[in-house]
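What follows is the residue order along each chain.
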Amino acid sequence: MGAAILALFVLVLLPLCSLLLGSIRGEGGVTIGHFVEALSSRLYLKPLYNSLILGVLTGLFSVLIGLPMAWAVSRTNIPGRRFIRMTATLSYLSPPFLLAIAYVNLLSPNSGLINVFLRDVLDADWLTFNIFSMAGLVLVTVPHTFPYVFLLASSALQSVDASYEEAAEILGAGKVRTALLITAPLVAPAILSGALLAFVNAIALFGSQAIVGLPGRIVTLPTRIYALFDYPPEYGLASALSLLFVAITVVALYLQRSFLARRSYVTLGGKGSRPQLVDLGWARWVLFGVCFIVFLVAIAAPYAALLAVSVSKSWGLDFWKSLTLANYRFVLFQYDVTQRAILNSLLLAVLAATLVVGIGAVIGWIELRTKVPGRRYLDYVALIPMGLPGIVMAVALIQFWLAMPIVLYGTLTILLLAYAGRYIPLGVRAANTALRQIDSSLEESARILGARWSTTMREVTLPLMRPGLFAGWLLVFVPSIQELSASILLFSSSSITLAVAVYNLYETGYIEPVAALAIINVLIIGAVIWRANKVGGAEIGRAGGARHEGVAS
Amino acid sequence: MAGITIEALSKTYGSHDTDAAAVDDLDLAIEDNQFVTLLGPSGCGKTTTLRLIAGYIMPDAGTIHVDGRLVSSPGSVVSPDRRGMGMVFQNYAVWPHKTVFENVAFGPKLRKIAAAKLRSQVEDTLGLVNLTGLEGRYPNELSGGQQQRVALARSLVVEPEILLLDEPLSNLDAKLREHMRHELKQLQRRTGITFVYVTHDQTEALALSDRIAVMHAGRLQQYGTPYEVYAKPANRLVADFMGLVNLMPATVAAVRGERGVVDLGAGLRLDLALPSGIAAGERVEVAIRPENVRLGTEAGDGDAHAHAHARAEIVDRTFLGNLTEYYLELGSGQTVRAQTHPRQEFAIGDRVAIAVDTSLCSVFRSEKDAAQAA
Ligand SMILES: Nc1ncnc2c1ncn2[C@@H]1O[C@H](COP(=O)(O)OP(=O)(O)OP(=O)(O)O)[C@@H](O)[C@H]1O
Ligand SMILES: [Mg+2]
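Residue numbers here run from 1 along each chain, matching the order of that chain's written sequence. Written order determines the labels here, with chains lettered from A and ligands numbered from 1. This being a predicted model, a pLDDT of at least 70 is required before a residue's local features are given, and a value of 80 or more before pairs of side-chain atoms are given or counted; all residues contribute to the totals for chains, interfaces and linings. Excluded from the side-chain calculations are hydrogens and water; all other atoms, namely the structure's heavy atoms, are used.

This part takes up helix H13 (residues 283-310) of chain A. By definition, any uninterrupted DSSP run of H or I lasting at least four residues is a helix, any uninterrupted run of E lasting at least two residues is a strand, and each is numbered from the N terminus. The span expected for a helix works out to 1.5 Å for each residue beyond the first. In a regular helix each residue adds 1.5 Å, so 28 residues correspond to 40 Å; H13 of chain A covers 39 Å between its end C-alpha atoms and thus fits that length. Along H13 of chain A, the sharpest kink reaches roughly 45 degrees, centred on Leu296 of chain A. The bend at a residue is defined as the angle formed between two axes, one fitted to the seven residues ending at that residue and one fitted to the seven starting there.

Right under this line is the structure:
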């Protein structure tokens, strides 16, 4: 118990404090100079502006894509419902920086396959699209963020009591009016909340912003902070900028929470009926077509491109004339980083997921089952990292551990601390949901039969929590194994991770081996999820609630 | 004002092969200006019937006419927003994001009523349901009974010709329910709106209705005035559903035209009206309401209407406040329930004489024979 509290301090509070201190420490004592500079120089205001624009556009497009899909799946007789749900899940799971790399291969202004095809074969110059632009950045970010809107909106649409709408109809409101005057206000909080989550997650993605943004001279907060670590590193400015970043994120999350709280009335009214599905007639195929395009853009096209690049000798219109496996041979056996990176990533993800779920279980238990004074604050502290983008976490950890006598910088340990710190909210959430579903009388009845506390935990509580904890474990594992935003500042050649390896190789410009490594990366993620689902398939099924909660966080 | 004519209406959810019909071959003529109640046990198809009338669902067979205009038939349904009806939902469905005023003003606004007139209309209606002063509240700041009255006001303000109510009083406490029952009846009298009211509470149905339609398993069992369905139930399902009843097996001893004598055993023989086509020797069931069983200390002690007597022993008694209920055992071992004025007291173990008012008894073919006859 003490250990879990200590862990919260080490993982969250102390790094955060050193970030605060770092931002106000100057040459000669306390200063606000870093903030002044961050808020006055174009060098920093422009990235701030770009990040906000990116976030707003991504939020907007996430609604434009996620909402119709959610409506289609929950309210109409659209075909292929499972397929549409799967599209959203896969889009969410797929690593965003790989999507960026894939689209560079398709749409970079000079050599992107689609652009080359349009220009050289169709002679349609005006149709070409430059991925290195804000529009391009939005294109590669939205597939990762629209699932937030999709999930929240579809569950809200499903839980609106049908009689609310029917009551409007019998008073003379047609379908459209009912949708606008009754349904929309009822589900709006959920949609806004999804859009804000999309915003928060979009602006934190270092990988796509570096890969797609930088070549187009679109500098954003994460890439700007990253650049501040070029020699000589400017810790003070990086900390100040990080805190600004945190402020934006926290405001957005605060709004999101208050919107979500207002959603409570969606489930009001007990004996209601489920809404009837709208028969769209032929239009359902049109809507399905739209969803299918989302599938093409978010999943099929990028992965097909990566696969094609990975087996071609040289990427171009004629790539199919000379196919090869040499790229795989190169990255697996000749590029000495790969094997180390794979092992590191697997190790880190497994350890981080286990650690986070363990800490989450203890914190959840303390909060729900004990009367320890101040236990509510534990929960608040555990949620803080939701407001910390990956790169900010890294800045905080660097500041903190550089000041410590133990050398952690560049080790696997500091990466583990970063991952565990970032994903602690997911673990606490999962444990909390799992525990809430277990009535405390189940534990009490074991105690009254003479079981000691430890026996009760082992025999009753933990087995009952297992499905929920398992779901939480997967929820942490998946983002951990593709973590880039924090790793990029914390790795060393011995502690390099898979995502960093892909990114570094990409920086060197060898697109074909990069694609091979990317495919390997996806295969590993896929294999682990598949394996874990097989082991815990039934458990995940039972813990569907926890999973949903987590995705929405 | 408007009447509703329902003909041969059927509706099945899911597949016709595997699922029973929710509404099965229903015929019902609801006259203008009436208070009609759909009554039946849970799951008998009341809500489905109401939703068919409102146009939320399409019938599989049959038609619904409102004032002679065809509004529902398989393949074509006039949508609810163009039926000019009102509906009060079982769960009220008061919109949580609108205030009381906004909830009630929704319908008039759709009808583009000028602001000043709208305000006075809404306020009048809120006054009608005793909600004046709560205009600015949100539904989560109202009690269940107040929400229910908002729902009522919301449907009344647009002056519908037909008002559909789905168990609107089911969530209220006993006292408020009693009060609202009275108000509803008054309201219907005053406005002349045709009410179609759904409930599974037979007392409510008896108290409110001009006509009661008793349903069971999707089929209409009886359609008549409260007195008819209570005192002259069409079959044992109706008799059983309309309050307490003793259903006693008996044999027909003799038939004389429309009447006959049935033998309940233990010396209890009743002379009463028989359903047509019954022959002597047939097994029947006699429905006797507990309040029609009179108790006396000696045979013949009842009043002049009592036609049949027997002796019985009191085995249990329950004091219910306004009356006392006795469980009696006949010589044959059958149990009969009787209700008397609490002033008439007997002790457990007393032997009493019972008299049955035969003009208020009904006779049905017993289940098995009815099945064979069908
Ligand atoms: N949407 C639906 N889908 C499938 N079956 C349904 C649906 N609605 C009702 N049913 C079934 O149709 C039958 C009649 O239902 P209905 O709701 O009309 O009953 P009810 O008389 O209103 O009951 P209650 O008094 O419980 O409200 C029931 O067997 C019910 O299970
Ligand atoms: Mg019902």
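To find leftover empty space, a probe the size of one water molecule is rolled over the atoms. Residues and elements named next belong to chain A. The volume enclosed by the second largest pocket comes to roughly 980 Å³. In terms of lining, the second largest pocket is formed by 34 residues, of which the most central are Glu165, Glu169, Lys175, Gln276 and Val278. Contributions of two or more residues to the lining of the second largest pocket are made by helix H3 (42-75), helix H8 (162-170) and helix H9 (175-204). A per-element tally of the lining of the second largest pocket places H9 first, with nine residues. Residues are called lining when one of their atoms sits within 4 Å of a cavity or pocket point, these points coming from a 1 Å grid over the protein atoms alone, where a cavity is a set in which a 1.4 Å probe fits but cannot get out and a pocket is an open set with protein on both sides within 12 Å along at least five of seven lines. Grid points are joined across faces, edges and corners, and a volume is the space filled by probe spheres set on the points.

The next thing to look at is the domain arrangement of chain A. Residue and element names in this part refer to chain A. Per the domain assignment, the segments of chain A are domain 1 (1-29 + 322-553) and domain 2 (32-150 + 188-263 + 280-310). Each of domain 1 and domain 2 has a C-alpha centre, and the two are 23 Å apart. We call two residues in contact when some of their heavy atoms are within 4.5 Å. Listed per partner, the contact involves 46 residues of domain 1 and 43 residues of domain 2. Around 3,600 Å² of area is buried between domain 1 and domain 2 when both sides are counted, 73% of it from carbon and sulfur atoms. When a carboxyl oxygen of Asp or Glu is within 4 Å of a side-chain nitrogen of Lys or Arg, the pair counts as a salt bridge. Taken together, the connections running from domain 1 to domain 2 amount to zero salt bridges. We call two N or O atoms a polar contact when they sit within 3.5 Å, provided that within protein one can donate a hydrogen and the other can accept it, with sequence-adjacent residues counted only if both atoms are side-chain atoms. Counting every contact that joins domain 1 to domain 2 gives four residue pairs in polar contact (both at pLDDT 80 or more). What counts as a domain boundary in this text is fixed by an automatic or database domain assignment. Accessible-area loss on putting two parts together, using a 1.4 Å probe and summing over both, is the definition of buried area adopted here.

Quick look at the environment of Leu228 of chain A now. All names here are of chain A. Following the sequence through the fold, Leu228 ends up in the loop between helix H11 (221-227) and helix H12 (235-262). Taking relative accessible area as the criterion, Leu228 reaches 4% and is therefore assigned buried. As a C-alpha pair, Leu228 and Ala238 span ten residues in sequence and 6.3 Å in three-dimensional space. The buried label applies to any residue whose accessible area, calculated with a 1.4 Å probe on protein chains only, is under 20% of its type's maximum; exposed applies above 50%, and partly exposed to all values in between.

Residues and elements named next belong to chain B. Notably, Glu159 is not glycine yet its phi reads approximately 45 degrees, a positive angle. Within the secondary structure layout, Glu159 lies in the loop between helix H4 (144-156) and strand S8 (162-166). Exposure remark for Glu159: the relative accessible area of 61% places this residue in the exposed category. Within the chain, Glu167 stands out as a residue other than glycine whose phi angle is a positive 40 degrees. As for its position among the elements, Glu167 is in the loop between S8 and helix H5 (174-191).

Among the structural elements, Asn91 of chain B can be located in the loop between strand S7 (85-88) and helix H2 (100-110). Exposure remark for Asn91 of chain B: the relative accessible area of 14% places this residue in the buried category. Reaching out from Asn91 of chain B, the side chain makes a polar contact with the side chain of Asp161 of chain A at a distance of 2.9 Å.

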